[in-house]
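The residues making up each chain are set out below.
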Amino acid sequence: MVEVAPRGPRPSISLRPAPPCEPPFDDELEPAVWASAHQLALDWSPAGLARLAPPPMPDETAVVARPAVVAGASHDAKLAVHRFVRMCVEVLNGHRPPAQLRQLSVPVDAAKVVAQAATGARRVADLRRAAAAPRGRRPPRRPPPVAVIQLRLCEPRPGAVEAAAALVMGERTWAMALRLELHHDAWSATILRLI
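So, here's what we can say about the structure. Everything numeric in this text was worked out from a predicted model, so none of it was measured. (Residues numbered from 1 in each chain as written. Predicted model: local features only at pLDDT ≥ 70, side-chain atom pairs only at ≥ 80, totals over all residues. Heavy atoms only, no water.)

So, about the overall build of the protein chain. Regarding its fold elements, the protein chain presents 4 helices and 4 strands. Considering only intrachain contacts with a sequence separation of at least 6, the fraction spanning at least 24 residues in the protein chain is 43%. Carbon and sulfur atoms form 59% of the exposed surface of the protein chain, whose accessible area is close to 15,300 Å². (Helix = DSSP H or I, 4+ residues; strand = E, 2+ residues; numbered from the N terminus. Contact = heavy atoms within 4.5 Å. Areas by Shrake-Rupley, 256 points an atom, 1.4 Å probe, with all protein chains shown as cover.)

Take the sheet that holds strand 4 (residues 186-194) next. The strand order across the open sheet built from 4 strands is 1-2-3-4, with neighbouring strands paired in antiparallel fashion. Where the open sheet ends on each side, the last strands, each with one partner, are strand 1 (147-157) and strand 4. Strand-to-strand twist in this sheet, taken as the mean axis angle between neighbours without regard to direction, amounts to 20°. Taken together, the 8 bridges between strand 3 (residues 172-183) and strand 4 define a ladder with antiparallel strand orientation. Among the inter-strand pairings, Glu181 is bridged to a residue of strand 4, identified as Ser188. (Pairing = 2+ DSSP bridges. Axes fitted to C-alpha atoms, helices over the stretch in contact; angles between N-to-C directions.)

Next up on the list: helix 4 (residues 110-132). Between the first and last C-alpha of helix 4 there are 33 Å, a value that for 23 residues agrees with the 33 Å anticipated at 1.5 Å per step. Turning to helix 4, its buried residues number three or more, namely Ala110, Val113, Val114, Ala117, Ala118, Gly120, Ala121, Val124 and Arg128. Summarising the contacts, the buried residues of helix 4 are in contact with helix 3 (75-92), strand 2 (160-169), strand 3 and strand 4. (Expected span 1.5 Å × (residues − 1). Buried < 20%, exposed > 50% of the residue type's maximum accessible area, 1.4 Å probe, protein only.)

In the structure shown here, the tally under the stated rule is 5 salt bridges. Across the pair Glu162 and Arg179 runs a salt bridge, and its minimum N-O distance is 2.4 Å. Of the two residues, Glu162 is situated in strand 2 and Arg179 in strand 3; the sequence distance between them amounts to 17 residues. Residue classification places Glu162 among the partly exposed positions, given a relative accessible area of 32%. Connected via shared salt-bridge partners are Arg157, Glu162, Arg179 and Glu181. (Salt bridge = Lys/Arg side-chain N within 4 Å of Asp/Glu carboxyl O.)

What follows covers helix 3. In this model, helix 3 (18 residues) spans 26 Å end to end at C-alpha, consistent with the 26 Å of a helix rising 1.5 Å per residue. When we look at burial in helix 3, the residues that qualify are Ala77, Ala80, Val81, Phe84, Val85, Met87, Cys88, Val89, Val91 and Leu92. Packing partners of the buried residues in helix 3 comprise helix 4, strand 1, strand 2, strand 3 and strand 4. Phi turns positive, to about 85°, at Gly94, one or two residues after helix 3.

Structure below.
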């Protein structure tokens, strides 16, 4: 170890050896150390397996009220929802025509999806025109874009994903609900609602 004596107001500098970086040598330990009493043991007896078996299914004639279980969405469903929401926001901001959502929609429902997007884009344009109207001598400022502040999604069944997005534009908050379904190995929109 080397130490430098302080000279004036400078702090002293000292060199210290590096600590050992090798793990402790433990392959000679007894099995009792790594297989301790704290380890859980499986009971493979018939009585133990019977305790672990799932409960029997209820009678089909009996009506059992159970809450709906909504699980998280698969990775592909999440990517599809994010892509569709991003395109919807681009339509609302005027960067993309609403007709481009047709290619991401089920052909039967494409007209409804495009109509909802076009209505939302018109509302945003009207709000921007109203905000840009001259008020006194202040120059008009650039209108804020529509942005996603929160997105929630679930996959109630394989091949269908539902999502709700909270959108913001300036001081206004909007909601968007949508449903995508897996058709011919591609996620396509069936429902789009802007509130």
